[in-house]
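# Analysis of the macromolecular model
Listed here are the chains, written in short residue letters.
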Amino acid sequence: MIISMSPYLTKSLFQRTHPLFRQLNCSLATMAEDVFLYWASGSVPCWKAMLALEEKGFSRYKNKMISFDKKEEKSPEILKLNPRGQVPTFTHGTIVVNESSAICEYLESTFKEKGTQLVPSGRNERALVLQRMYEATFSKKTKSLKEELDRWDGYLGQTGAFIAGPNFTMADVYFFPFVGFGVWLGLGLDKFPNLKAYYERACTRPSVKATWPPDWKENKSSMTPLAGHL
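Rules of the game
Each chain has its residues counted from 1, running along the sequence as written. This being a predicted model, a pLDDT of at least 70 is required before a residue's local features are given, and a value of 80 or more before pairs of side-chain atoms are given or counted; all residues contribute to the totals for chains, interfaces and linings. Heavy atoms from the whole structure form the basis of all side-chain values; hydrogens and water molecules are not counted. Cavities and pockets were defined on a 1 Å grid built from protein atoms only: a cavity is a group of points that admits a 1.4 Å probe but offers it no way out, a pocket is an open group of points flanked by protein on both sides within 12 Å along at least five of seven lines, and a lining residue is one with an atom within 4 Å of any such point. Grid points are joined across faces, edges and corners, and a volume is the space filled by probe spheres set on the points. Only DSSP runs of H or I reaching four residues or more are called helices, and only runs of E reaching two or more are called strands; each is numbered from the N terminus. Note on residue categories: nonpolar means Ala, Val, Leu, Ile, Met, Phe, Trp, Tyr, Cys or Pro, charged means Asp, Glu, Lys or Arg, and polar means any other residue, Gly included. Note on pairing: two strands pair once DSSP finds at least 2 bridges between them. For helices, the axis comes from a line fit to the C-alpha atoms of the stretch in contact; other axes are also lines fit to C-alpha atoms, and the angle between any two N-to-C directions lies between 0 and 180 degrees. For this analysis, residues touch if any pair of their heavy atoms sits within 4.5 Å. To estimate how far a helix should reach, multiply one less than its number of residues by 1.5 Å. Burial classes: relative accessible area under 20% of the type maximum marks a residue as buried, over 50% as exposed, and values in between as partly exposed (1.4 Å probe, protein chains only). Between N or O atoms, a polar contact is any pair within 3.5 Å; within protein, one atom must be a potential hydrogen donor and the other a potential acceptor, and residues adjacent in sequence are included only when both atoms are from side chains.

### Considering empty space enclosed by the protein
- For the structure on display, the rule yields one cavity of 30 Å³ or more.
- Empty space within the largest cavity amounts to approximately 40 Å³.
- With three residues, helix H3 (residues 44-55) is the single largest residue contributor to the lining of the largest cavity.
- Classifying every residue of the lining of the largest cavity gives six nonpolar, four polar and no charged.

Have a look at this one:
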């Protein structure tokens, strides 16, 4: 009698028994233990860093949510790591990185082979991702918001699924929190079909679900300044 095992079971058994895989799992667990993030719910910069952590496979990293209402970002605990008294504040062992973009790029460069490759290796693809990363900043003036949204809707009409192509990249890590925050503030996307489809698609991604601001899950926004402005 020939007994066959499913690829999943075979792989699972191999991973449980082979010393190399046990060593790898131990190493990944140790890396997660070394990572710590101070963050605040609903903060776009914090959301960026959290998306990057999830995409790079750090789903069980140590963290502490702080309250802006209680001014906990100015606590001695954070000020000793970040003299500006801001979050996100990130540590990896003895290394401290504080700015959200710096955290994202540190994670990608340090753990390039882990999790999602957020910055492609191909020159053309990498160039577009970098361009969209640093372009992903909305104007604070509602007057120019429609023009900005039209531009991103056009980009998505060219690239399809995500900001820089068919794959989720660092450009999406930088861009999506702005869209999510805008929708939270009442931004309607019906006039921007590509952007609306992008938002709905990204919302189904595990990293986005895992990092969705907990305050937003429990309460609807009491302020909707962007509602009806477009």
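### Side note on the sheet that holds strand S2 (residues 62-65)
- Ordered in space as S2-S1-S3-S4, the four strands form an open sheet in which the pairing is mixed. Whereas interior strands pair on both sides, the edge strands pair on one side only; in this sheet they are S2 and strand S4 (95-97). The mean angle between the axes of side-by-side strands here comes to 15°, regardless of whether they run parallel or antiparallel.
- Looking at chain direction, strand S1 (residues 35-39) and strand S3 (residues 89-92) are connected through four bridges and run antiparallel. Bridge assignment links Phe 36 to a residue of S3, and that residue is Thr 91.
- Across the sheet, H3 lies against S1 and S3, angled at about 155° from S1, the strand it touches most.
- Along the sheet face, helix H5 (residues 100-110) touches S1, S3 and S4 and points at about 25° away from the line of S3.

### With respect to H3
- Across its twelve residues, H3 extends 16 Å between first and last C-alpha, which sits within 8% of the 16 Å expected from 1.5 Å per residue.
- Of all twelve residues in H3, eleven are buried, a share of seventy percent or more.
- Taken as a whole, H3 has its buried residues at Val 44, Cys 46, Trp 47, Lys 48, Ala 49, Met 50, Leu 51, Ala 52, Leu 53, Glu 54 and Glu 55.
- Of the surrounding elements, those touching the buried residues of H3 are S1, S3, H5, helix H8 (170-184), helix H10 (206-211) and helix H11 (214-218).
- You can read the cap of H3 off the contacts: a side-chain oxygen lies 3.2 Å from the backbone nitrogen of Cys 46, and it is on Ser 43.
- Backbone geometry just downstream of H3 places Gly 57 in the positive-phi region, at approximately 95°.

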